[in-house]
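A structural walkthrough
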Amino acid sequence: MYHYDEYDRALVFERVAQFRDQVQRFMGGELSEEEFLPLRLQNGLYLQKHAYMLRVAIPYGTLGANQLRTLARIAREFDRGYGHFTTRQNIQFNWIELAQVPDILAILAEVEMHAIQTSGNCVRNITTEAFAGVAADELMDPRPLAEILRQWSTINPEFLYLPRKFKIAICSAEQDRAAIMMHDIGLYLYRDPNGEMLLRVMVGGGLGRTPILGLQIREGLPWQHLLSYVEAILRVYNRHGRRDNKYKARIKILVKALGIDAFAHEVEQEWQHIKDGPAQLTDAEYQRVANAFVPPSYQTLSDTDLDFGTRLVMDAAFARWVARNVQPHKVPGYASVVLSTKPGPAAPPGDLTDIQMDAVADWAEIFGFGEIRIAHEQNLILPDVRKRDLYALWARACEQGLGTANIGLLTDIIACPGGDFCALANAKSIPIAQAIQQRFDDLDYLHDIGDVSLNISGCMNACGHHHIGNIGILGVDKNGSEWYQVTLGGAQGKDSALGKVIGPSFSAAQIPDVIEQIVATFTDYRESDELFVDTVQRIGLEPFKERVYAKAEGEAA
Amino acid sequence: MNNLIRLVDGQAQLLSDDPWTLVREIEDELPTGPLILPLAHWREGHGIWLSPDDEVESLELRLGELSLIAIDFPSFRDGRGYSQAYLLRTRLGWQGELRAIGDVLRDQLSHMRQCGFDSFAVREDKSAEDALKGLAGMSVLYGRSAIEPRPLFRRR
Ligand code: HEM
Ligand code: SF4
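As a starting point, this report considers the structure included with it. In this text, all values refer to a predicted model and were calculated from it rather than measured experimentally. (Residues numbered from 1 in each chain as written. Chains lettered and ligands numbered in written order. Predicted model: local features only at pLDDT ≥ 70, side-chain atom pairs only at ≥ 80, totals over all residues. Heavy atoms only, no water.)

Residues and elements named next belong to chain A. The immediate surroundings of ligand 1 are formed by 25 residues, with Gln48, Lys165, Leu207, Arg250 and Cys463 found nearest. At 2.9 Å from an oxygen atom of ligand 1 is found a main-chain nitrogen or oxygen belonging to Leu207. In terms of residue class, the shell around ligand 1 is built from nine nonpolar, 10 polar and six charged. (Near = heavy atom within 4 Å. Polar contact = N/O pair within 3.5 Å; in protein donor to acceptor, adjacent residues only side chain to side chain. Nonpolar A, V, L, I, M, F, W, Y, C, P; charged D, E, K, R; others polar.)

Below is the structure:
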């Protein structure tokens, strides 16, 4: 893990002091609501329906055990005993007192954490995939460049008042597990045949009201130019992005208006001025940061473990969990474990109690090297577990409600906080997730259905990524009541696709039936082990529509 | 202009005898003394102010004839002025006074300073003396700026 040096430390502590002063001035009436707004947003503080919400950054999704314990402490002492892990590798606390925020930030600073730029019209938390550094299909570890970008974008004076928020993600594996195409800038890191690190740069992706997948703006960018190239994009965007309408202010709208070629030309011209300047990254800096991510001291193990093998045969529930929740590791004898935060109706997707957080921190130390990852699917990951420890870990995870064997299955739902918390919501998300989870509570059936992603957003801001769910559910407002629009065929990763609306929206009560009909249509048409998304691709929306709406009409009649 | 902070040799001073008059709209009768005029109405011997829509590159040929450039922040949340200032300093080589005008507030002063502004016409209803406290900002800058061209990784 990256550890702060005196510069990093000075910055977060000075930032706490600065914000403490700003909070005091706001509470004392010296700063107006309007003046305070961007200041608090750039420190991760939102005003929700009932209270302030604090969003804390988990840069590129990596946490140390002590950091997770600190998050547990904040949940316990300053909130109502839980936190919500988001789709952008952050954690949100929902019940925060403004006056206590500076103290919370000071506690975070002690463990090298912060909430800087987790909101606001600036460069947000840099994200990557949860299995960075350990995934078997990884080309190289994207975290050193993610950390370098994090530092460079933190309080970068020119880019703090952009037209709109700006999200950057980087990944470097065969599979894209970081939703690269959905980002304002998405970076694929790879090597050329000579071993040189290069970047494929995507620009203009984003969800929200106008979902757009990113377009390639550059291939083969040498890594030394990462900062200058991103700077060039940001400068073009800062100067020319729309500011008259906040729904048209994301970079995707600018890219679309100019066309990718004209936009690329602008960026190229800007970049020519700065590319060989002092922003050019050095080997020394790369090495300094990369040293923080050297692999831990793995034991030399056989890739097969006798005890583990026996357990797999003896215990079907364990085997099922291993099949879904355990991922291959690049080191023999090790695996990565996904702890599901989606036990079903018992807890909203992404929520963890302080007790669970403490437990996960303990397991990270007992069964790993003290590290935890946050996946953008809102689950937690223990990246380095010996296969021989999997059974013991599974037993503990089950005791804590974190052992549900449903990763990638229909009940592994991604949902935004929705109408229960969010002031912008058209409709609730969490009760919908829970109703679906309740309906599909038969694990055998779920495993038969196989991989399906289901994403729910409470409004078109799309915080739950509904556009890229194989099944997407979007809360809409119809004359003041809550309705839900369903899309099919969305996908993330390198084959990203936006889902298509199947027809008129449904009431909350209808949704579990609708999902059941959709799944039944799939199982009817499925050929051998076909994945849900592939069946939708092959047969189109019609068969689904027919069944879903025939049923709905039948009921109405 | 009043309520002004100016950096002189890196030292911040509060100015009460600034000679410049800001002309936002051109009327028939212009005030006397040195004026800060809109880009389209500039005349020799006076200063100029840019709106966020103005392209700094259009000043390139005129820089030698100017004695002051101001950049307007119609709202402190409109960040175009930061790029304009940065480019004026680092690309166009402007060395004269660069003044922030409009919605200029304490909590943004340090960012403005780092982008190359060296004078700050603090919004009239706010105290310039109080705003001085916002000028220093953080001691750490990861990236680079108009006043520190080397990113931290070259200084670390
Ligand atoms: C409850 C407080 C929240 C508020 C007020 C809020 C607000 C918003 C708004 C206004 C947008 C649309 C921005 C745009 O398109 O320009 C947005 C997008 C988004 N939010 Fe949230 N959000 C909240 C919580 C969350 C949570 C809990 C998550 C993660 C689970 C999240 C993740 C995202 C993502 C991934 C996007 C889409 C980004 C894109 O368009 O590329 N947000 N949010
Ligand atoms: S999608 Fe809408 S309802 Fe859900 S968190 Fe985002 S803004 Fe709120």
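If you check the shell around ligand 2, you find Cys416, Pro417, Gly418, Cys422, Leu424, Ala425, Ser457, Gly458, Cys459, Asn461, Ala462 and Cys463 of chain A and nothing else. Class assignment for the residues of the shell around ligand 2 results in eight nonpolar, four polar and no charged.

Here we take up the interface of chain A and chain B. Buried accessible area, meaning the area lost when the parts come together, often serves as the stated size of an interface. Listed per partner, the contact involves 47 residues of chain A and 40 residues of chain B. The junction of chain A with chain B conceals about 3,800 Å² of combined surface from both sides, 53% of it contributed by carbon and sulfur atoms. When the area that chain A buries against chain B is broken down by residue, the three leading residues are Pro157, Tyr161 and Arg239 of chain A, summing to 20%. One can count 11 salt bridges joining chain A with chain B. Glu35 of chain A serves as the salt-bridge partner of Arg123 of chain B, at 3.0 Å between the closest nitrogen and oxygen. In this assembly, chain A and chain B are joined by 23 residue pairs in polar contact (both at pLDDT 80 or more). Of all the secondary structure elements, the ones that give two or more residues to the side of chain A that touches chain B are α1 (6-27), α2 (33-41), α5 (143-153), α6 (226-240), α8 (260-274) and α9 (283-290) of chain A. Among the elements that take part in the side of chain A that touches chain B, α1 of chain A stands out by supplying 10 residues, more than any other. (Contact = heavy atoms within 4.5 Å. Buried area = accessible area lost by both parts, 1.4 Å probe. Salt bridge = Lys/Arg side-chain N within 4 Å of Asp/Glu carboxyl O. Helix = DSSP H or I, 4+ residues; strand = E, 2+ residues; numbered from the N terminus.)

Relative to the assigned elements, Ser429 of chain A resides in the loop between β15 (414-415) and α14 (430-439). Leaving out residues up to four positions away in the same chain, Ser429 of chain A has contacts with Ala415, Cys416, Pro417, Gly418, Gly419, Ile456, Ser457 and Gly458 of chain A.

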